[in-house]
Amino acid sequence: MSSITPLRRAPTAGMGGAGISRSPSAATAGKKYHQHSTSILKTLQATEMLDTKPVLPAEIIATILDYLPVPDLLRFARTSRRYREMVYDDTRWVARLKSMGVWDEAQARRRFDEAVQRRRQQSVSSPTTTVGRGQPIPGQQQQQQQPPAGAARRESLFFDADLEQERRRQELQQIQQQKQQISDLRDGFETMKVGGVQEPPRDVEGLLMVIKNARSIRGHARQEYGKVYGALAPFYSDLVRAKTHTDPLVFKVFRDPDRQAQMLANLRTFAKSDWADGSAVRQEKLENMTGIFESAVLREFEQGYEFWDVDGRMRKYAHVLEVLNPGSSAGVELFIQKHPIFSDKEVLANAMDCVNQAMADSITLEPSRRFFEVLTRKVNEQSGIIGRIFPRPERVFWGFVDKVREEIMVEYITPLFDDTHERSIPSYLRAVSGIFEQTMHFLRTLTPPPGKEAGQEAKAKEIALKIFEPHIDLYLQDEIDTFTAQAEEEVGEWEKKLSEQEASAESFYMGSFANRQADKKDFLTSFKKVVMMPVTVLPTSLGLPIGSPFASSKPAAAVAANGGLSTPSRSESPAPGGIPGDRSSSPLPGKAPTDELAAKAALMTSRLEGIKSLFSIEVALSLVHGAKESLGRVALFIQLGGQVGGEAREMCETIFVTLLRILGSGHVKPGFDKAVTHLSQYNPREVSEHDKGGVAPLVTFIELVNVGDLISQMIDVFYEQQLAQPKIADRNDFLDPAGMAKKKFEQMLDESVAAGLNKGIDVLMDEVEYICATTQLPSDYNPGGVTAPDSILSGTIPGMEKAPPPKAPAGAIDMDIGPSKTAQRIKDLVASHTSMLVGSTDKSMLDVFNGEVGLRLFTAICKHLKRQRISTEGAIKLIADMNLYFEYIRTLKNKDLLAYFRALRELSQIYLIDAKHAKEMATVIADGDRFGGIFRAEEVYEYAERRADWYQVKREVERAMYGLECCLM
């Protein structure tokens, strides 16, 4: 603030002080004050004005200014230059414009950037032209000033000292001119009247558009606010002073309700910039007056509604309400609440027709379809009417539809859901999904008026969500519970049927025997029980194989040669009547076996034949079909999005997981487990026929593997079509529950198949050993007579007591150099089983299976060679057999297996060496590299002992090998 103090006049121009001093002449005048009575004006003229710091900080003063009325702000601005700068600060007026919602920062920034760019372009095009501050606002013509004569050209600068000095000089001239216009001067103190609110201008249209025409220009916010204030402040002040609703000037200047509403709306916007004391009272007065006006407009609108004056009063006053309060719902609510559609009997249908017109515990959705058709037609008729009445019809239309949802649709749907839930859960599930689909079709076939509201699809989902959200939790839970119960019931019925068939077969075969505990023992137990009977019980004329504990000392081959009776094959299952024959294709024969051993063999055969029916592709198809129906119903709700859509998506994955759990753990895996158990009970000695081109139980198991592979492919297709393609499940997300369940199911299937194939390899090798022991003639590898010790080795296997086939007549040497029938049969048997798996299992499992079969086949052949007597003549057929095996293994494309069978082929060469070349034979035996490390010298020596002339060459071979060892040492 400033202080006025009498000062002492300085003696010289250069003297001065920090404080206030009195000049000598002034001091003398002071001493003579009472004597000379100097005028007060002279004293004031002898004083100096010194500025001191303000009592209050500038920040507090600036805050106080925010709460001053606009006239007081202008008065305050005239007190000093500094206060004028504070009042004229552009941010102060920008804040008021923002409070009214008319300031667009983006537009202001764009205008500023355009002005800067325009100045730069002008400076480039006219280098002699200089640009200073205080440029006119955009849109006005700018006047360029030429620099003084003789001035040098300057480059474009944002600040120029000469221009600043010129600008200050012009401002001082303007101030002087303003001072000259002041009429009342009193001894240097200016007095002026700061006008209050003036009369409103006569441009009525300009008054109505003043808010809309306000511009966002940086540096000119005060001028823009001044235009708004000058136009609206007279009406605002007059309205807050009015006593009744007829007094305000706004109702006198404007006679049309539309213009009155527009001005009231402008005043409500302008009132937001009234921050002075008492603003709340003034705004409340404005709101009361606006409410009175709005009530009057609503009465007019209601009268037009009663007479259905759509294009007259209803349309007129609906637009007035929109102008007065954009987004107001007063007229919309009145239109919706009194609409006659809510009492239309044609729309109000009976939802119980869906139950009454259907069969017991069922539902038909034809009545609901007709209900939605009528409702669609009625609502679409109102769409056109709403478009003729309201300025924003799309908002009114969706509000009307929401009211239809609340008053008509919910009242129709809820009783139907409650009744069907009590009657039948399957009917309830079909009702919920069917009604939801019809509801979405109804909402999507509506024809709303055009507008800027959200899209029809979004509105349809929003309204449908309001209808079905109260029912969705119960529906989803019932859906998964119903599917789980039906799937478990179907699998349980299948297991029950299998158990009944198995119990029936067991009762048929074993029912005639008193000792039921013996049924649980293995087949070999019963076999041993039979063979351990006293010898006197058996017929004396029966020719028994060598090696039986009660056999005669006469070789079996001699018995056969003398025309003795051969033992009937114990592997043939007795047919009805006790006559061996083909196995019946019927589940049970006409008559049960009378022998306990035969009964158990028949029971085992029946179980092995039933392997392929341990799980059913029909059951799997039924479960998948049920899952597809359930998942298809639930997937409809995913389109709602949000929490409900997420819950529906999770339930779809849960249904798929439940399907795999019941189908896998409850149906497929137990079937494979039973199949492996039945395979483990297979004994080739108990089978009557071995000429069918394969091992029957293993073929049956591979058929079961094919069924499992079909089920796996079916699940994979179901996952892709029902979950992956509709984006319900993400195949790339390794944590997705559906994907994890699918991988677990496939892993279980692979493990079950692997376990079965592992057991199947055992069965296959048992069959190979059985064929080797029973079909390989001694004359194949040793043409000529066979001694008794050789026949013992060549005709029996421990546990396979069977008479050897008759030997060839003496002198009849087979000159066939091809492979033996036994080798050909074994090769065909193994090849047929390995080829069965091609296409039904993945390549990795097939490679493992083939590798294991090859190694086990190698072991079986080695064991078979150790039981044979091989002559030099028979070595040719042996070599042919080994070549046959080698060529077959080559087709498997397994290099590791080839090394084994290559070693076998080399091993067969030692039997071709003549007895005279014992030294060469010893060299071959001792050559470890010849066999690729597969056979050691000791093992090759053991195989060399199987030569028919071994006892003749043994001493020479051993001597030669000893000599080789000495040389190596």
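Definitions and limits used
Residues numbered from 1 in each chain as written. Predicted model: local features only at pLDDT ≥ 70, side-chain atom pairs only at ≥ 80, totals over all residues. Heavy atoms only, no water. Helix = DSSP H or I, 4+ residues; strand = E, 2+ residues; numbered from the N terminus. Buried < 20%, exposed > 50% of the residue type's maximum accessible area, 1.4 Å probe, protein only. Contact = heavy atoms within 4.5 Å. Areas by Shrake-Rupley, 256 points an atom, 1.4 Å probe, with all protein chains shown as cover. Core = buried A, V, L, I, M, F, W, Y, C linked by side-chain atoms within 4.5 Å. Phe/Tyr/Trp six-rings, centres within 6.5 Å; stacked < 30°, edge-to-face > 60°. Lys NZ or Arg CZ within 6 Å of the ring centre and 35° of its normal. Axes fitted to C-alpha atoms, helices over the stretch in contact; angles between N-to-C directions. Parallel < 35°, antiparallel > 145°, perpendicular 65-115°, else oblique. Nonpolar A, V, L, I, M, F, W, Y, C, P; charged D, E, K, R; others polar. Polar contact = N/O pair within 3.5 Å; in protein donor to acceptor, adjacent residues only side chain to side chain. 1 Å grid on protein atoms, 1.4 Å probe; cavity = no way out; pocket = protein on both sides within 12 Å on 5 of 7 lines; lining within 4 Å. Points joined across faces, edges and corners; volume = space filled by probe spheres on them. Salt bridge = Lys/Arg side-chain N within 4 Å of Asp/Glu carboxyl O. Patch = residues over 30% accessible without salt bridge, like charges linked within 9 Å, V, L, I, M, F, W, Y side chains within 5 Å. pLDDT = per-residue confidence, 0-100. Left-handed = near helix turned anticlockwise from the far one by under 90°.

Looking at an unreviewed UniProt entry, one finds the protein chain named Exocyst complex component Sec10-domain-containing protein, with Triangularia verruculosa as its source organism.

Glancing now at the overall build of the protein chain. Along the protein chain, the regular secondary structure elements total 37 helices and 4 strands. Looking at the protein chain residue by residue over its 969 residues, the buried ones come to 40%. Residue pairs in contact within the protein chain that sit at least 24 positions apart in sequence constitute 76% of those at least 6 positions apart. Total accessible area on the protein chain stands at roughly 53200 Å², and carbon and sulfur atoms take up 53% of it.

Ranked by internal contacts, the top residues of the largest apolar core, which has 215 residues, are Phe335, Ile711, Leu904 and Phe935. Setting aside residues no more than four positions away along its own chain, Leu904 makes contact with Phe858, Ile861, Cys862, Leu865, Met882 and Phe935.

With that out of the way, let us pick up the packing of aromatic side chains. With the rule as written, the count across this model stands at 31 aromatic pairs. Aromatic pair Tyr229 and Phe270: ring centres 6.0 Å apart, planes at 55 degrees, arrangement tilted. Here Tyr229 is found in helix H11 (residues 221-241), whereas its partner Phe270 is found in helix H13 (residues 257-271), with 41 residues between them in sequence. Arranged with centres 6.3 Å apart and planes meeting at 85 degrees, the rings of Phe417 and Tyr428 form a pair that is edge-to-face. Highlighted residues: Phe417 in helix H19 (residues 393-423) and Tyr428 in helix H20 (residues 425-444), separated in sequence by 11 residues. In this pair, the class of Phe417 matches that of Tyr428, namely buried. One Lys or Arg, Arg222, reaches over the ring of Tyr88 and ends 3.8 Å from the middle of that ring. Of note, Arg905 hangs over the ring of Phe886, and the distance from its end group to the ring centre comes to 4.1 Å.

Looking now at the packing of helix H15 (residues 310-324) against helix H18 (residues 366-389). Where H15 meets H18, the axes come as close as 8 Å, and the angle between the chain directions of the two elements is 60 degrees. As summarised for this structure, H15 and H18 are arranged oblique, according to the angle between their axes. Between H15 and H18, the contacting residues are Val310, Asp311, Met314, Arg315, Ala318 and His319 on the first element and Ile385, Arg388 and Ile389 on the second. Residue classes in the contact of H15 with H18 are distributed as 5 nonpolar, 1 polar and 3 charged.

What follows concerns the side chain of Asn266. Tracing the chain through its elements places Asn266 in helix H13. With a relative accessible area of 4%, Asn266 lands in the buried category. Among the polar contacts listed, one links the side chain of Asn266 to the backbone oxygen of Leu208, at a separation of 3.0 Å. Those residues in contact with Asn266 that lie beyond four places of it in its chain are Leu207, Leu208, Ile211 and Leu232.

In this section: empty space enclosed by the protein. With the rule as written, the count across this model stands at 5 cavities of 30 Å³ or more. Its boundaries defined by the atoms lining it, the largest cavity holds a volume of some 100 Å³. In terms of lining residues, the largest cavity is bounded by Ala318, Leu321, Glu322, Asn325, Ser328, Gly331, Val332, Phe390, Pro391, Arg392, Arg395 and Val396. Elements represented by at least two residues in the lining of the largest cavity include exactly H15, helix H16 (330-337) and H19.

Glancing now at the pattern of salt bridges. For the structure shown, the criterion picks out 43 salt bridges. With its nearest N and O atoms 2.9 Å apart, the salt bridge here joins Asp716 to Lys742. With Asp716 in helix H27 (residues 696-724) and Lys742 in helix H28 (residues 737-775), this pair connects stretches of sequence that are 26 residues apart. A salt bridge links Lys742 to Glu746, with the nearest nitrogen and oxygen atoms 2.8 Å apart. Here Lys742 pairs with Glu746, and both are found in helix H28, just 4 residues apart, close to one helical turn. Classification of Lys742 as buried rests on a relative accessible area of 12%. Taking relative accessible area as the criterion, Glu746 reaches 25% and is therefore assigned partly exposed. Taken together, the shared-partner salt bridges connect Asp344, Glu346, Arg377, Lys378 and Glu381 into one network.

A cluster of nonpolar side chains, namely Leu56, Ile60 and Ile64, defines an oily patch on the protein surface of about 250 Å² accessible area. With respect to the element layout, Leu56 can be found in the loop between strand S2 (47-51) and helix H4 (58-65). On the basis of relative accessibility, which here comes to 41%, the residue Leu56 falls in the partly exposed class.

Here we come to the confidence of the model for the protein chain. Residue-level pLDDT values for the protein chain average 75, and 70% of them are 70 or greater. Across the protein chain, the element-wise mean pLDDT spans from 34 in helix H23 (residues 556-561) up to 94 in H20. Across residues 513-520, confidence stays below pLDDT 50; counting only partners more than four residues off in sequence or on other chains, it has 14 contacts. In this model residues 786-812 is a low-confidence stretch, pLDDT under 50, and it forms 37 contacts with partners more than four residues away in sequence or in other chains.

Let us now look at the environment of Arg867. Considering the arrangement of structural elements, one finds Arg867 in the loop between helix H32 (843-865) and helix H33 (875-891). Residue classification places Arg867 among the buried positions, given a relative accessible area of 16%.

So, about the packing of H13 against helix H14 (residues 279-306). Contact geometry for H13 and H14: axes closest at 11 Å, N-to-C directions at 160 degrees. It follows that H13 is roughly antiparallel to H14 by the angle criterion. The handedness of the crossing between H13 and H14 is left-handed. When H13 is examined against H14, the residues Pro257, Gln260, Ala261, Leu264, Leu267, Arg268 and Ala271 are found in contact with a partner set consisting of Gln283, Leu286, Glu287, Thr290 and Phe293. Within the contact of H13 with H14, the residues separate by chemical class into 7 nonpolar, 3 polar and 2 charged.

Even without glycine at this site, Trp308 takes up a positive phi of about 55 degrees. Tracing the chain through its elements places Trp308 in the loop between H14 and H15. Classification of Trp308 by relative accessible area gives partly exposed; the value is 36%. Residues other than glycine seldom take positive phi values, yet Lys727 does so here, at roughly 65 degrees. Within the secondary structure layout, Lys727 lies in the loop between H27 and H28.

For Thr822, the position within the fold is in helix H31 (residues 821-836). Discounting residues that sit within four places of it in the chain, Thr822 has contacts with Ile771, Cys772, Thr775 and Gln776.

A word on the environment of Tyr719. Within the secondary structure layout, Tyr719 lies in helix H27. Since its relative accessible area comes to 4%, Tyr719 is described here as buried. For Tyr719 and Ala738, which are 19 residues apart along the polypeptide, the C-alpha to C-alpha distance reads 8.3 Å.

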